[in-house]
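Single-letter residue listing:
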Amino acid sequence: MALLSRKGTLFLLFLFSIFLLSASASNGSGEEEEEFWEELLLKPLPDRKVLSHFHFQNEAPLSDSFARHHHLFPKSIAQLVKKFHIKAMELSFTQGRWNYERWGGFDPISSHNAKPPGVELWAVFDVPPHQVDASWKDLTHALSGLFCASINFLESSTTYSAPKWTFQSALGSLRYGTLPREAVCTENLTPWLKLLPCRDKAGLSALMDRPSIYKSFYHSQRLHLTQAKTGANPKNSRVVLEQTLTVVLQPNILTGGTNYVSEAKMQPSWSLSSIFGRKINGRCVLAKSSNVYLQVERGLVTQLENLQSSTATFAANGTNLDDFGRNVGFELSVNPDRVLKEVEKSSSILYEYPIKVHKDSEQFDLGITWKHPVIWSTPHVPLYASRFLMGSGNERGAIAICMKSTESTQELVAANYVDQRCNFQVNVLQIVPWYIKVYYHTLQLFVDEKPQILTDFVERMHVSPSEDKVSPGLMELVLKLPCEVKSAVLNIEFDKGFLHIDEYPPDANQGFDIPSAIISFPDFNAGLQFSDNSLSKTPMLSKLQERSPVISYTEVLLVPLTTPDFSMPYNVITITCTVFALYFGSLLNALRRRVGEEERRLNDKGGKKDALLNRVLGKLSSKFRGRSSVSSQPSSSSSSSLISPKLILRVLLVAGIAVAWQYYS
């Protein structure tokens, strides 16, 4: 029997070892299927600031099991995709507003990552239409707990809408919602970093110093989720998770040894250690590639070429921007591994620095030192959009969306169109809360400051009127504007509604937010075209070359509504409680007081004090006279009657005051 039990134990151990080997093999194959990239793009801006754009991409095969183990892909995101049947989703936390005039808007970074202040969420669901709202509500609660934010406030039907022609509505049922007043802090960044394989312990994410990020002029953390099909079989779909952090920083001025007097025009020299306070110690070992890019945009390249052509030394040597060691405009602290240029002349240049060649013991600190003051401008959107309120008072008003042509509008139009008489499309999405009663029949269009007929410029229009305490108002317009347009203004009137006292927020006197309007230009693409297509493209290069429409956001409007005097209930409650306290206190005092007994007690106390004094004096006199003191007890005074006329008069007076108060109040 002992021999049989030993053989059985050995057999079980053999089966268990085979199970472990098969599990490790399956895990190894799963690890090969999942991929992770980390990249960082740096770009100097014309207003002496630096744009830092972190891009992390994680891919994994779409699994049918909730219990699948992931090596690189965050399991919480995979479970969200599986449970709520998400086709596409984007969530952004933004603090500050993107400056389209100074930082540009006609490039892939600003078009994809310039977001409105607060929280923006949109999602496309692969469910029947009657289950979309329920899936949206469950998703908002899940994301709220995952990112420590108030995203669950978007579950109410008054906070989200269903646009048709904006975003990726063609993929399925889409829902869109914003929280303009949501504050962004480290409680939102920490869960976002926990989704990365190396978190913020290694790789490029180690540069994310919290004080450096939150003292910036603009920062936006974004999470974009899509499903990509790798073949004809739908089971071969992959989940692509993009995590981006866009930060606009003001670098500390580093002395570059320049002798120029006009240092106000000189760009500040900077390095990674000066803007983040840290250096790159090495790559994340789980990343397939880890790269740092330095982008020199088109306007800066043109100015540097003009500066080099005017400099005799560099013109004689025939140097250009590829000779980064002998560049007349700036000097790089680290030589790039390769240089990527656009196909067009005087286009942007991209310097690539792979982190894989740097060992863990070495620290990578890319820096740029400016030699000459250079002034340039960034490529702008075809029409610069702004929004403002008109009218006065707390009863009526109007919303105006003004779109003005920029300096590069004519160049962009000439590059995209050949005909002399041409038009380009502009999509406008405006969402207003339910307490803003918009009159859509008052919509007016002014082109070059002249009123126009809507049917001449509006191709399509989708209007969803608001319903009190049920849904917000939505208006989508597809405009066709002439190429030579200088300005276009949309004007629409509204009435201000009234809220119940329970519906006012704590800071109601500050005003109520109207979410940013979205202006998109489908005829213009913000992608770049690099000449080097032979080498493998990283996710960052693919995003920069992606042909996507240009999108811009307007300001968040602050509308003052009629608010009640919230101090009046407090004053009424206070004075009422005071009157009732005086009334009941006086009444109970009058009813429970016994005047005769109080007089008797006072007389008893006075008699006791007199007897004690007489006794002491008697003892002293007896000692002097030699006679014993004779104690005497004073007779107590007769007690007065319990009921007196004063008591009856006081009770009647208090009762009369109470009856009069109740009658007249």
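As a convention, each chain's residues are numbered from 1 in the sequence order in which they are written. In view of the model being predicted, local features appear only for residues whose pLDDT reaches at least 70, and side-chain atom pairs are presented and counted only at 80 or more, with totals across whole chains, interfaces and linings using the full set of residues. Values shown for side chains rest on all heavy atoms present in the structure; no hydrogens or waters enter the calculation.

## A closer look at the sheet that holds strand 6 (residues 173–179)
Two pairing modes exist for strands in a sheet, parallel and antiparallel, and in both the strands are linked by backbone hydrogen bonds. Strands qualify as paired when DSSP identifies two bridges or more between them. Helix and strand assignments follow DSSP, with helices taken as H or I runs no shorter than four residues and strands as E runs no shorter than two, numbered in order from the N terminus. Across the sheet, which stays open at both edges, the 11 strands sit in the order 5-6-4-3-7-8-2-1-10-13-12 with mixed pairing between neighbours. Across the chains shown, the open sheet's two edge strands, defined by having one partner strand only, are strand 5 (160–161) and strand 12 (338–341). Bridge analysis of strand 1 (residues 35–44) against strand 2 (residues 50–61) gives 10 bridges, and the strand direction is antiparallel. Counted as the bridge partner of Glu35 is Glu59 from strand 2. Contacts are assigned to residue pairs with any non-hydrogen atoms lying within 4.5 Å of each other. Interaxial angles span 0 to 180 degrees and are taken between N-to-C directions of axes, which are lines fitted to C-alpha atoms, for helices over the stretch in contact. Sitting on the sheet, helix 2 (residues 75–84) is in contact with strand 3 (86–95), strand 4 (118–125), strand 7 (218–229) and strand 8 (237–249), with an inclination near 55° to strand 7. Along the sheet, helix 6 (residues 186–194) makes contact with strand 2, strand 3, strand 7 and strand 8, crossing strand 7 at roughly 35°.

## A word on the side chain of Glu59
Along the chain, the position of Glu59 falls in strand 2. Only protein chains enter the area calculation, which uses a 1.4 Å probe; residues under 20% of their type maximum are buried, those over 50% are exposed, and those in between are partly exposed. A relative accessible area of 15% means that Glu59 is categorised as buried. Side chain to side chain, Glu59 and Arg238 meet in a polar contact 3.5 Å long. Leave out the neighbours within four places in its chain, and Glu59 touches Glu33, Glu34, Glu35, Trp37, Phe73, Arg238, Val239 and Val240. Identification of polar contacts relies on pairs of N or O atoms within 3.5 Å, with a donor-acceptor requirement for protein atoms, meaning one able to donate a hydrogen and the other able to accept it, and with residues adjacent in sequence counted only if both atoms are side-chain atoms.

## Here's the deal with unusual backbone geometry
Of note, Cys148 is a non-glycine position whose phi angle comes to about 55°, a positive value. Relative to the helices and strands, Cys148 resides in the loop between helix 5 (132–147) and strand 5. Here the phi dihedral of Glu449 falls at roughly 65°; this positive angle occurs in a residue that is not glycine. Residue class for Glu449 comes out exposed when judged on its relative accessible area of 72%.

## Topic: the packing of aromatic side chains
Centre distance within 6.5 Å is the pairing criterion for rings of Phe, Tyr and Trp, where only the six-membered ring of Trp is used; planes under 30 degrees apart are then read as stacked, over 60 as edge-to-face, and the remainder as tilted. Throughout the structure, instances matching the rule amount to 20 aromatic pairs. On the basis of an interplanar angle of 10° and a centroid distance of 6.5 Å, the ring pair of Phe54 and Phe56 is categorised as stacked. Between Tyr583 and Phe584, the aromatic rings sit 4.7 Å apart at their centres with planes inclined by 65°, giving edge-to-face as the arrangement. On the basis of relative accessible area, Phe584 is assigned to the partly exposed category, the value being 42%. Three or more aromatic residues joined by ring pairs make a cluster, and in this case those are Phe36, Phe54, Phe56, Trp192 and Phe276. Put simply, a charge is over a ring when the Lys NZ or the Arg CZ is close to the ring centre, within 6 Å, and near the line of the ring normal, within 35 degrees. Taking the ring centre of Phe217 as reference, the NZ or CZ of Lys49 above it sits at 4.5 Å. Sitting above the plane of the Trp165 ring, Arg460 keeps its charged end 4.5 Å from the centroid.

## Observations concerning helix 2
In an α-helix, one full turn covers 3.6 residues, which means residues spaced three or four apart are oriented alike. Among all positions in helix 2, only Ile77, Ala78, Leu80, Val81 and Phe84 are buried. For helix 2, the arc enclosing every buried residue in end-on projection is 160°, short of the 170-degree limit, so these residues lie on one face. Next to the buried residues of helix 2 lie strand 3, strand 4, helix 5, strand 7 and strand 8. Backbone geometry just downstream of helix 2 places His85 in the positive-phi region, at approximately 55°. Taking the helix axis as origin, the arc is that swept by the directions to the C-beta atoms.

## A word on the UniProt feature "transmembrane region" (unreviewed entry) in the chain
In this numbering, the UniProt entry assigns the feature "transmembrane region" (unreviewed entry) to residues 570–591 and 647–664. End C-alpha to end C-alpha, residues 570–591 measures 31 Å, and it is 100% helix and 0% strand. UniProt positions are given in the numbering used here, feature names are shortened, and annotations may be inferred rather than shown by experiment.

## Remarks on empty space enclosed by the protein
Using only the protein atoms, space was sampled on a 1 Å grid; points where a 1.4 Å probe fits but cannot get out form cavities, open sets with protein on both sides within 12 Å along at least five of seven lines form pockets, and lining residues are those with an atom within 4 Å of a point. Grid points are joined across faces, edges and corners, and a volume is the space filled by probe spheres set on the points. If you walk through the whole model with that rule in mind, you get 8 cavities of 30 Å³ or more. Taken as a whole, the second largest cavity spans an internal volume of roughly 90 Å³. Lining the second largest cavity we find His53, His55, Pro108, Ile109, His112, Asn113, Arg222, Glu242, Thr244, Met540, Lys543 and Leu544. When residues of the lining of the second largest cavity are traced back to their parent elements, those giving at least two are strand 2, helix 4 (108–113), strand 8 and helix 13 (539–544). For the lining of the second largest cavity, the leading source of residues is helix 4, giving 4 residues. A per-class count over the lining of the second largest cavity returns 4 nonpolar, 5 polar and 3 charged. Boundaries between domains were set according to an automatic or database domain assignment. Residues lining the lining of the second largest cavity come from more than one domain, with at least three contributed by each of domain 1 (56–254) and domain 3 (383–559). Classification used: nonpolar for Ala, Val, Leu, Ile, Met, Phe, Trp, Tyr, Cys and Pro, charged for Asp, Glu, Lys and Arg, polar for all others including Gly.

## Some thoughts on the pattern of salt bridges
A carboxyl oxygen of Asp or Glu within 4 Å of a side-chain nitrogen of Lys or Arg is what we treat as a salt bridge. With the rule as written, the count across this model stands at 24 salt bridges. Arg338 is paired through a salt bridge with Glu352; the nearest N and O atoms lie 2.1 Å apart. One end of the pair, Arg338, is in strand 12; the other, Glu352, is in strand 13 (residues 349–354), with 14 residues separating them in the sequence. The same class applies to Arg338 as to Glu352, namely buried. When salt bridges that share partners are traced, they join Glu90, Lys115, Glu120, Arg222, Glu242, Lys543 and Glu546 into one network.

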